[in-house]
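Chain by chain, the residues:
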Number of protein chains: 2
Amino acid sequence: MNSVPTRRRIGILGGMGPEATVLLMSRIIGMTDAHDDADHVPMLVDNNTQVPSRIKALIEKTGEDPGPVLIDMALRLEAAGVDALAMPCNTAHYYAPRIQAAVSIPLLDMIELSADAAATAADFQKSGNPLVGILASPAVRATGMFDRACARRGFQTAYPADQDSLLACIRAVKAKDSGPESRDLLQRAASELHGRGIKVMLIACSELSIISDAIPKDFGSIDTLDVLADAVVRFASAGTITEAAAADMTLAPDF
Amino acid sequence: MNSVPTRRRIGILGGMGPEATVLLMSRIIGMTDAHDDADHVPMLVDNNTQVPSRIKALIEKTGEDPGPVLIDMALRLEAAGVDALAMPCNTAHYYAPRIQAAVSIPLLDMIELSADAAATAADFQKSGNPLVGILASPAVRATGMFDRACARRGFQTAYPADQDSLLACIRAVKAKDSGPESRDLLQRAASELHGRGIKVMLIACSELSIISDAIPKDFGSIDTLDVLADAVVRFASAGTITEAAAADMTLAPDF
């Protein structure tokens, strides 16, 4: 098992939305131990704001299939020489298996990595509670992608009862309202899960990542965007993960 | 004169440093009138943290010439189909004429655009003072690029007397210290220029852009990163500028 060479270049399948792309980049920069520009992770970012709507395709069952556009973006990034792909959008991971099948570089799969993080979280291990909370858009819930990823690891998912309030919160943040009302909606959703004895919950929507500080520290929340940023930094850095571990990170099983 | 078609794609020559690249992207997003992902400016971002050091090449006169790397990045972005280039780094604009000469798409030149913004600023027009303040790194000063851009428009530049303090401030922000001490250093440099009767000053270093709120509002400061973000949004948007105006924005004269 060889260690991974330094400064591997990461291709970002971005623009869904652009704020989430910028947030991932910021967190990657923040997590990198850097003293000069050259210490930072090189990234080629396709901030493609014109990917067909995932909501329309997955929920409303109308409009163009985003899959071929995402695959084309992935192929272009691969051709440009990046060493791995990352996609800062939970919903778009519905297409992750098709993207992974189209390229020969790893896609650092945010859903699989986050399910791993939840499964290994100390609080979850201690709690004995087989439920992991999912704070996500109804679109993510409808695809069942977290349910399958968690089921493969032997635990189940739980969603806040009031999905409408959570969607209202997500919509407010998309409309650049990250104020007290939005934070209160997120805090209430998290509190409901916490009140049901859930010790680990995934923040699985990048709009919620923006206001994640609204969730009390002791609620055991794990931000999927942080999980992805951490995977990017580890993949791009020397000696911290092995080739085999890198291969493990790319799991994007069929479902 | 035809209006520019909608959603032109912008190529970003980034990574110098990565924080400045993220800051430009954030400001472009913030300046865009958007209700959905698709309303945002598509960007292809080469966040290349491995560009040879501009400081070493320009000031220390050692190390590899960054020019060929920047030209290669520009050519690759052009080949990928972007409609214009933007480079969020004042110092790297020393290489702007060589980059512009190598591609057939416009480079939205931050130095030229900022000199234009200073020349047309109402406060500057009113003041009758032929001096424009430049808050920049000693490297930018040493290249004289703002001096030439301003001279072509009939006015002169002025720099804070205490360049060492300004450099200390820039270095602190690079080391992720954006606290009160760094802000105080910037505020003092700006106050010195203001005290000399200077009515317009350019924030011409992306580290200073991060803490630009330290400069009192009535000092007439113009952030070069805002000027570039505004140019990107105007170039990418429909109907707001003409082809001829877009061509004017690309001036990167020899010097």
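What counts, and where the lines are drawn
- Residues numbered from 1 in each chain as written.
- Chains lettered and ligands numbered in written order.
- Predicted model: local features only at pLDDT ≥ 70, side-chain atom pairs only at ≥ 80, totals over all residues.
- Heavy atoms only, no water.
- Helix = DSSP H or I, 4+ residues; strand = E, 2+ residues; numbered from the N terminus.
- Rg over C-alpha atoms; globule rule 2.2 N^0.38 Å.
- Buried < 20%, exposed > 50% of the residue type's maximum accessible area, 1.4 Å probe, protein only.
- Contact = heavy atoms within 4.5 Å.
- Areas by Shrake-Rupley, 256 points an atom, 1.4 Å probe, with all protein chains shown as cover.
- Least-squares fit on C-alpha atoms with pLDDT ≥ 70 in both.
- Salt bridge = Lys/Arg side-chain N within 4 Å of Asp/Glu carboxyl O.
- Nonpolar A, V, L, I, M, F, W, Y, C, P; charged D, E, K, R; others polar.
- Pairing = 2+ DSSP bridges.
- Axes fitted to C-alpha atoms, helices over the stretch in contact; angles between N-to-C directions.
- pLDDT = per-residue confidence, 0-100.
- Polar contact = N/O pair within 3.5 Å; in protein donor to acceptor, adjacent residues only side chain to side chain.

**Student:** Describe in detail the overall build of chain A, supporting the description with residues and values.
**Tutor:** Within chain A, the regular secondary structure consists of 13 helices and eight strands. In terms of overall size, chain A behaves like a compact globule, its C-alpha atoms giving a radius of gyration of 18 Å where 255 residues would be expected to give roughly 18 Å. Taking the principal axes of the C-alpha coordinates as reference, chain A spans close to 45 × 45 × 35 Å. Evaluated residue by residue, chain A yields a buried proportion of 56% over its 255 residues. Across chain A, contacts joining residues at least 24 apart in sequence account for 73% of those joining residues at least 6 apart. Of the roughly 10200 Å² of accessible surface on chain A, 51% is carried by carbon and sulfur atoms.

**Student:** Give a detailed account of the relation of the copies chain A and chain B, specifying residues and quantitative values.
**Tutor:** Superposing chain A onto chain B takes a rotation of 180 degrees combined with a translation of 0.0 Å along the rotation axis, leaving an RMSD of 0.0 Å. Both copies are brought into coincidence by an operation consistent with a two-fold rotation axis. The C-alpha atom lying nearest the rotation axis in chain A is that of Val45(A); the distance is 2.4 Å. Looking at the interface residues of chain A, 100% of them are also at the interface in chain B, so both copies use one shared face.

**Student:** With reference to specific residues and values, describe the side chain of Thr91(B).
**Tutor:** Residues and elements named next belong to chain B. Mapping Thr 91 onto the fold places it in the loop between β3 (84-86) and α4 (96-102). Of the residues examined, Thr 91 reaches a relative accessible area of 12% and is grouped as buried. With near-sequence residues (within four places) excluded, Thr 91 lies in contact with Arg 54, Leu 58, Ser 137, Ala 139, Val 140 and Met 145.

**Student:** Account for the interface of chain A and chain B, naming residues and giving values.
**Tutor:** The interface is formed by 28 residues belonging to chain A together with 28 residues belonging to chain B. Counting across the chain A and chain B interface gives four salt bridges. A salt bridge links Asp46(A) to Arg9(B), with the shortest nitrogen-to-oxygen separation between them at 4.0 Å. Broken down by secondary-structure element, the contributors of at least two residues to the side of chain A that touches chain B are α1 (18-31) and β2 (43-47) of chain A. Counting residues per element, the side of chain A that touches chain B draws most heavily on α1(A), which supplies seven residues. Residue composition of the side of chain A that touches chain B, grouped by class: eleven nonpolar, nine polar and eight charged. As paired strands, β2(A) and strand β2 (residues 43-47) of chain B are joined by five bridges and run antiparallel to one another. Within β2(B), the residue paired with Leu44(A) across the bridge is Asp46(B).

**Student:** Before we move on, could you go through the environment of Ile28(B) and cite the residues and values that matter?
**Tutor:** Residue and element names in this part refer to chain B. Tracing the chain through its elements places Ile 28 in helix α1 (residues 18-31). Using a relative accessible area of 1% as the deciding quantity, one classes Ile 28 as buried. Separated by 44 residues in the primary sequence, Ile 28 and Asp 72 have C-alpha atoms spaced 24 Å apart. In this view, Ile 28 contacts Val 41, Met 43, Ala 229, Val 232 and Val 233; residues no more than four positions away in its chain are not counted.

**Student:** So, the sheet that holds strand β5 (residues 131-135) of chain A: which residues are in play, and what are the values?
**Tutor:** Residues and elements named next belong to chain A. The sheet built from four strands is open, its strands ordered β6-β5-β7-β8 with parallel pairing. Every other strand in the sheet has two partners, leaving β6 (156-158) and β8 (221-223) as the edge strands with one partner each. Neighbour to neighbour, the strand axes of the sheet diverge by 30 degrees on average, direction disregarded. Note: β5 against β6, three bridges, orientation parallel. Bridging across to β6, Val 132 finds its partner in Thr 157.

**Student:** Any details on the sheet that holds strand β6 (residues 156-158) of chain B? Residues and values, ideally.
**Tutor:** Residues and elements named next belong to chain B. The strand order β6-β5-β7-β8 describes an open sheet built from four strands, whose pairing is parallel. Unpaired on one side and paired on the other, β6 and β8 (221-223) mark the two borders of the sheet. With strand direction ignored, the average angle separating the axes of adjacent strands in the sheet is 30 degrees. Relative to strand β7 (residues 201-203), strand β5 (residues 131-135) runs parallel, the two sharing three bridges. Along β7, the bridge assignment pairs Gly 133 with Met 201. Across the face of the sheet, helix α12 (residues 224-236) comes into contact with β7 and β8 while running at roughly 55 degrees to β8.

**Student:** Talk me through the confidence of the model for chain A; I want residue IDs and the actual numbers.
**Tutor:** All names here are of chain A. Mean pLDDT over chain A: 88, with 91% of residues reaching 70 or higher. A low-confidence stretch, residues 1-5 (pLDDT under 50), is modelled with 18 contacts involving residues beyond four sequence positions or located in other chains. In this model, residues 250-255 is a region of pLDDT below 50 whose contacts with residues beyond four sequence positions or in other chains number 17 contacts. On the interface metric, ipTM, the complex scores 0.88, and its pTM is 0.89.

**Student:** I'd like a description of the pattern of salt bridges, backed by residues and values.
**Tutor:** A complete count under the given rule lists 26 salt bridges over all chains for this structure. The residue Arg153(A) makes a salt bridge to Glu112(A) at a minimum N-O spacing of 2.9 Å. Separated by 41 residues along the polypeptide, Arg153(A) in the loop between α8 (145-151) and β6 and Glu112(A) in helix α5 (residues 110-120) bring together distant segments of the chain. Glu112(A) sits in the buried class, given a relative accessible area of 8%. In this structure, Asp230(B) engages Arg234(B) in a salt bridge whose closest nitrogen and oxygen atoms are separated by 3.1 Å. Residue Asp230(B) and its partner Arg234(B) are both found in helix α12; the two are separated by four residues, about one turn of the helix. Overall, Arg234(B) belongs to the partly exposed group, its relative accessible area being 30%. Residues joined in a network through salt bridges with shared partners are Glu112(A), Asp116(A), Arg152(A) and Arg153(A).

**Student:** Got a sec to walk through helix α5 (residues 110-120) of chain B? Specific residues and values, please.
**Tutor:** Note that an α-helix has 3.6 residues per turn; residues three or four places apart therefore point the same way. Residue and element names in this part refer to chain B. Within α5, eight of the eleven residues are buried, which leaves it mostly tucked inside the rest of the structure. Restricting attention to buried positions, one finds in α5 the residues Met 110, Ile 111, Glu 112, Leu 113, Ser 114, Ala 115, Ala 118 and Ala 119. For α5, the side-chain oxygen to backbone nitrogen distance between the N-cap and Ile 111 is 2.9 Å, and the N-cap itself is Asp 109.

**Student:** Before we move on, can you summarise the side chain of Asp37(A) with the specific residues and values?
**Tutor:** By the secondary structure assignment, Asp37(A) is in the loop between α1 and β2. In this structure the side chain of Asp37(A) is engaged in a polar contact, spanning 2.9 Å, whose partner is the side chain of Arg54(B). Among residues more than four places away in sequence, those in contact with Asp37(A) are Gly15(B), Met16(B), Gly17(B), Pro18(B), Thr49(B), Arg54(B) and Lys174(B).

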